[in-house]
Amino acid sequence: MEQLRRRQQADKILYDSGLFAWLENIGEPHVIGSYRMGMMAWNDLDIDIVNERMDTDRLYSLTAFVLEQFCPLWYEAKEEVNDEGKTVWFHGFHTRIDGELWNVDLWFFDRETIRKAETYCDRISEQVRQIPGSRERIIRMKQELLERNLYGFYKYSSMDVYRAVLEQGISDVEELLRRYQRGENRI
């Protein structure tokens, strides 16, 4: 039931607000991550957009849309050059939907980078379908790590949880923490 409610809130951000349609005007949006895999453990939405034409004018235009439509509590927009020498554009913001805080990340990548992200998500989804109960374990573990403030940057990531459950058969956070100390024995 929680998954359905969270998905409905994400759909408000994507579709009811006009964000997805707005992004279609400047590129080709692809919803990835936990939304794509049906394993949302918290209010987080990741969208990759194919747009080799991104520039500062479009950055400013998208910024105006986000500020007006979402009244973000936090907002960041920037252009970066990644390790491969490719230009990457990022928009991230926090907003409230139905009184709950949401994190939204918009990444502008080349088509190949997005294809790799989608392939990864689809591979994880297929593994989850093949292992009974793994979806529930993954969601529960991600939520528990979040509650313990052990989820996120420099801590345990979604990918860590997927590997622990799907590749190593770890069934709960306590076992994950016993077997792997972050920064020591990588999952």
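Residues numbered from 1 in each chain as written. Predicted model: local features only at pLDDT ≥ 70, side-chain atom pairs only at ≥ 80, totals over all residues. Heavy atoms only, no water.

A. Examining helix α6 (residues 134–147) more closely. Across its 14 residues, α6 extends 20 Å between first and last C-alpha, which sits within 8% of the 20 Å expected from 1.5 Å per residue. Looking at α6, one finds that the buried residues are Ser-134, Arg-137, Ile-138, Ile-139, Met-141, Lys-142 and Leu-145. Tucked into the core, α6 has its buried residues touching α1 (2–16), α3 (33–37), α5 (111–130), α7 (158–168) and α8 (173–179). Asn-149, located one to two residues past α6, shows a positive phi value of around 60°. (Helix = DSSP H or I, 4+ residues; strand = E, 2+ residues; numbered from the N terminus. Expected span 1.5 Å × (residues − 1). Buried < 20%, exposed > 50% of the residue type's maximum accessible area, 1.4 Å probe, protein only. Contact = heavy atoms within 4.5 Å.)

B. Broad picture of the nonpolar core. With 27 residues, the main nonpolar core has Leu-23, Leu-45, Ile-47, Leu-106 and Phe-108 as its most contacted residues. When contributions to this core are tallied by element, the ones reaching two or more residues are α1, α2 (19–26), β2 (44–50), α4 (56–70), β4 (87–97) and β5 (100–109). Excluding residues that lie within four positions of it along the chain, Phe-108 makes contacts with Leu-23, Ile-26, Ile-49, Asn-51, Met-54, Leu-62, Thr-87, Val-88, Trp-89 and His-91. Met-39, Ala-117, Cys-121 and Ile-124 belong to the second-largest nonpolar core, a separate cluster that totals 24 residues. (Core = buried A, V, L, I, M, F, W, Y, C linked by side-chain atoms within 4.5 Å.)

C. Layout of the packing of α5 against α7. Two numbers describe how α5 lies on α7: the axes approach to 11 Å, and their chain directions differ by 35°. Between α5 and α7 lies a crossing of left-handed hand. Seen from α5, the contacting residues are Tyr-120, Ile-124, Gln-127 and Val-128; seen from α7, they are Met-159, Tyr-162 and Leu-166. Broken down by class, the residue content of the contact of α5 with α7 amounts to six nonpolar, one polar and no charged. (Axes fitted to C-alpha atoms, helices over the stretch in contact; angles between N-to-C directions. Left-handed = near helix turned anticlockwise from the far one by under 90°. Nonpolar A, V, L, I, M, F, W, Y, C, P; charged D, E, K, R; others polar.)

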